[in-house]
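Residue-level structural notes
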Amino acid sequence: MNVEVQFVRAMVGYALARAHNQRARARRGESELGASALEWAIISAILVAAALAIGLVVRSVIDKRTGEIQKG
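Residues numbered from 1 in each chain as written. Predicted model: local features only at pLDDT ≥ 70, side-chain atom pairs only at ≥ 80, totals over all residues. Heavy atoms only, no water.

Focus on the pattern of salt bridges
Heads up, the rule is: By definition, a salt bridge exists where a carboxyl oxygen of Asp or Glu is found within 4 Å of a side-chain nitrogen of Lys or Arg. Counting from the N terminus, the helices are the DSSP runs of H or I reaching at least four residues and the strands are the DSSP runs of E reaching at least two. The classification of residues rests on relative accessible area computed with a 1.4 Å probe and restricted to protein chains. Under 20% of the type maximum is buried, over 50% is exposed, and intermediate values are partly exposed.
Under the counting rule described, the total for this entry stands at two salt bridges. Where Arg65 meets Glu68, a salt bridge forms, and the shortest distance between an N and an O atom there is 3.2 Å. On the criterion of helical spacing, the pair formed by Arg65 and Glu68 is a turn pair, its members being three residues apart in helix α2 (residues 32–71). Overall, Arg65 belongs to the partly exposed group, its relative accessible area being 47%.

Details of the UniProt feature "transmembrane region" (unreviewed entry) in the protein
Note the following rule: UniProt positions are given in the numbering used here, feature names are shortened, and annotations may be inferred rather than shown by experiment.
When the UniProt feature table is mapped onto this chain numbering, "transmembrane region" (unreviewed entry) sits at residues 40–62. Secondary structure across residues 40–62 comprises 100% helix and 0% strand; the distance between its end C-alpha atoms is 32 Å.

Describing the domain arrangement of the protein
Where the parts come together, the accessible area they lose is often given as the size of the interface. Heads up, the rule is: Note: domain ranges come from an automatic or database domain assignment. We call two residues in contact when some of their heavy atoms are within 4.5 Å. Accessible area, probed at 1.4 Å, shrinks when two parts are joined; the buried area is that loss added up over both. Each residue is assigned to one class: nonpolar for Ala, Val, Leu, Ile, Met, Phe, Trp, Tyr, Cys and Pro, charged for Asp, Glu, Lys and Arg, and polar for all the others, Gly among them.
Its domain assignment divides the protein into domain 1 (1–30) and domain 2 (32–71). Just the C-alpha atoms count here: the centres of domain 1 and domain 2 sit 16 Å apart. Across the contact, 14 residues belong to domain 1 and 14 residues belong to domain 2. In total, about 1100 Å² of surface goes out of reach between domain 1 and domain 2, with carbon and sulfur atoms giving 71% of it. Taken together, domain 1 and domain 2 are joined by zero salt bridges. Of the residues that constitute the side of domain 1 that touches domain 2, the class distribution is seven nonpolar, two polar and five charged.

Here it is in structure tokens:
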């Protein structure tokens, strides 16, 4: 399994765990954390998307340079 996939899975797992934790707190009556849970979910989703985009750009650059090296 490549590093990008492992990283994305870890970020998604973190985002889901964080959202689940915040939702559980909101259900226990800490109502102001409901909005906080949504904010964390959105922020986490943005971070995951950014990490994926950066990973794809890095992968593209590496593939391009590898092709140039192999051509001589």
